[in-house]
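So you can see what is in the structure, the chains are spelled out below.
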Amino acid sequence: MLTVSMISPSYSAKLKLTMATSGSETDARSVAIANVMLPMISDFADVRVGYNSTMFDQGTELDAISRGNLTMSITSAQELAQFFPEFSIFATGYVHQDAAHQVRVFNHELMDPFKKKVEDELGVKLLSVMYLGKRHVNLRQSKDELTVKTPADLKGVNLRMPGTDAWQFLGKTLGASPTPLAFNEVYTALQTGAVDGQDNPLPTVVDKKFYEVTKQIVLTSHLVDLNYIAFSKKTWDKLSGDQKLRVQQAADAAASWGRLRQLQLENGLADFVRSQGLDIYEPDSAAFRKHVQAQYVGSEFAKSWPKGVLEKINSLGN
């Protein structure tokens, strides 16, 4: 756990804020928060940061904010879908096209009802959207043992996915047998063979050293993954107008910085992964896209999506 102490020359009393994340200190999102957002509010905020789920277990942060035990976290659409099923639309395979598309969607008026519901019913304000990266399938088996071209090739593969319903369903749409497992247990599970693989963007594979215990990466790009910077609505309402503006600007700046850094990392890490002895290749992307999207049609998740929202999201794409 890292404590970031900030002295305030401009405000008589420092705000006592807490930030919890399952990511490491070197994770792109964590670095963006620590290096960009926190310094921008340093003259009126004292922030205590817990990395690697040391403050709250992964998946419990939203509850903690809602209860008033936490100020800020980085959350996912999948976690929000646990409370509000309609958020599963933002966690659906092959819906977001790229990082720029994510930003257009988040800033569009179509998001207003989603944001308002989270504020009103959970007490959480979504400040900005962070680009996590394109998620790929990362397996213990070598390409000679298992070459993945279509979803059918993943049949029987125990693929670690986070434990929420939205994540588990996505794993099934890929053709795999999804296995729920906490993020901080993934390395050991891969090492021992408790799971066959996991899915994450290349920067996460490298940051968590999953390349040490796997042999191939299949570039499925099945999810252009995102996180939201989540902030306590109760704390937000206590801020002055100037403080609200500066917190929002700081969150947006951190998200922009993190987005660019993550894109740069993605662009340069394929060669590094290959240098570690892993096979890295593209499957039949069209077959994956067709299969994944077909699984959502008529599903319980699709039933929760507000009418016309998917079309609006698509219209904001390239």
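Residues numbered from 1 in each chain as written. Predicted model: local features only at pLDDT ≥ 70, side-chain atom pairs only at ≥ 80, totals over all residues. Heavy atoms only, no water.

A look at the overall build of the protein
Turning to step 1, where the next piece is worked out: Summing up its helical and strand segments, the protein has 13 helices and ten strands in all.
Turning to step 2, where the next piece is worked out: Taking 2.2 N^0.38 as the reference for a compact globule, 318 residues should give roughly 20 Å; the C-alpha atoms of the protein span a radius of gyration of 19 Å, in line with that estimate.
Turning to step 3, where the next piece is worked out: Seen through its C-alpha atoms, the protein measures out along the principal axes to roughly 65 × 45 × 35 Å.
Turning to step 4, where the next piece is worked out: A buried classification covers 55% of the 318 residues belonging to the protein. (Helix = DSSP H or I, 4+ residues; strand = E, 2+ residues; numbered from the N terminus. Rg over C-alpha atoms; globule rule 2.2 N^0.38 Å. Buried < 20%, exposed > 50% of the residue type's maximum accessible area, 1.4 Å probe, protein only.)

Focus: the packing of aromatic side chains
Turning to step 1, where the next piece is worked out: Across all of its chains, the model carries 13 aromatic pairs by this definition.
Turning to step 2, where the next piece is worked out: Taking 6.3 Å as the distance between ring centres and 40° as the angle between the ring planes, the aromatic pair formed by Phe83 and Phe84 counts as tilted.
Turning to step 3, where the next piece is worked out: You can call Phe83 partly exposed: its relative accessible area is 31%.
Turning to step 4, where the next piece is worked out: An aromatic cluster is present here, built from Phe83, Phe84, Phe87, Phe90, Phe106, Phe114 and Tyr228 joined pairwise through their rings.
Turning to step 5, where the next piece is worked out: Here Lys115 stacks its cationic end above the ring of Phe106, 3.9 Å away from the centre of that ring.
Turning to step 6, where the next piece is worked out: Note that Lys125 overlies the ring of Trp236, its terminal NZ or CZ placed 4.9 Å from the centroid. (Phe/Tyr/Trp six-rings, centres within 6.5 Å; stacked < 30°, edge-to-face > 60°. Lys NZ or Arg CZ within 6 Å of the ring centre and 35° of its normal.)

Here's the deal with the confidence of the model for the protein
Turning to step 1, where the next piece is worked out: Here the protein averages 93 in pLDDT, and 96% of its residues register 70 or above.
Turning to step 2, where the next piece is worked out: Confidence over residues 1-11 falls short of pLDDT 50; this stretch has 36 contacts with residues more than four positions distant or in other chains. (pLDDT = per-residue confidence, 0-100. Contact = heavy atoms within 4.5 Å.)

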